[in-house]
Amino acid sequence: MKRIDTKLPGVCIVEPVVHGDHRGYFMETYSTAAFAAVGIDTVFVQDNQSFSAQKGVLRGIHFQNAPMAQAKLVRVTKGAVLDVAVDLRKGSPTYCQWVSVELSAENKRMFYIPRGFGHGFVTLTDNVEFCYKVDNLYSRECDRGIRFNDPDIGVAWGIEAPILSQKDTTSPLLSESDCNFVYGEV
């Protein structure tokens, strides 16, 4: 397993070891020992999966407020996405900065996003299956979103007219949100 750090401390790309032959391939998608060996010691408690039928579906920027904040380990099992993490921790040296990575069934990369960061993705193909692990259970009361096109964040999604849910259409700007992440506390 290989860890590739990004410009946002703690946010990293994980490349699994893929064993392939004429029959196909095998890979470990999660192992506490392998992840600890690359400095990720998060204990995950829930697995989630989403399906997006069309290219151009944008989901995000999502997070859960503390005390139910979540770290995520995300990957794509069918299709491809541009996946984004945004630092939402007030007082952080990288506050409002974002990083993106292409995740696909083909490249088999995973993306680790610690607590205190927002997360979103846009589908680059039709028929995308997106899987992710979280280290805290879902909480409707703490579930939040930031508008995908917040000018203070400025994510370059690479799409002009994304397909959005009602939630993502009406999410507030970060400056209007009640995001409670503070650098050093999440």
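What counts and what doesn't
Residues numbered from 1 in each chain as written. Predicted model: local features only at pLDDT ≥ 70, side-chain atom pairs only at ≥ 80, totals over all residues. Heavy atoms only, no water. UniProt positions renumbered as here; feature names shortened; annotations may be inferred. Helix = DSSP H or I, 4+ residues; strand = E, 2+ residues; numbered from the N terminus. Buried < 20%, exposed > 50% of the residue type's maximum accessible area, 1.4 Å probe, protein only. Core = buried A, V, L, I, M, F, W, Y, C linked by side-chain atoms within 4.5 Å. Contact = heavy atoms within 4.5 Å.

The name an unreviewed UniProt entry gives the chain is dTDP-4-dehydrorhamnose 3,5-epimerase, with Candidatus Alectryocaccomicrobium excrementavium as the organism. Taken directly from UniProt, the Catalytic activity (unreviewed entry) text for the chain runs: "dTDP-4-dehydro-6-deoxy-alpha-D-glucose = dTDP-4-dehydro-beta-L-rhamnose". As its UniProt record puts it under Sequence similarities (unreviewed entry), the chain is described as follows: "Belongs to the dTDP-4-dehydrorhamnose 3,5-epimerase family."

### What about unusual backbone geometry?
In this chain, G60 is followed by I61 through a cis amide linkage whose omega measures 10°. Structurally, I61 can be placed in strand β6 (residues 58-64). Omega for the bond connecting A66 with P67 falls within 30 degrees of zero, at 15°, which places this linkage in the cis form. Phi is positive for K108, close to 60°, though the residue is something other than glycine. Tracing the backbone shows K108 in the loop between β9 (98-104) and β10 (110-113). Accessibility expressed as a relative area gives 16% for K108, which makes it buried.

### Section: the nonpolar core
Residues V86, L88, I153, V155 and W157 are the most contacted members of the largest nonpolar core, which totals 19 residues. Sorting the residues of this core by element identifies β6 and β8 (80-87) as the ones contributing at least two each. Those residues in contact with I153 that lie beyond four places of it in its chain are I61, V86, L88, C96, W98, I146 and L174. Among the nonpolar cores identified, the runner-up in size contains 16 residues, and L8, I13, V74 and F117 belong to it.

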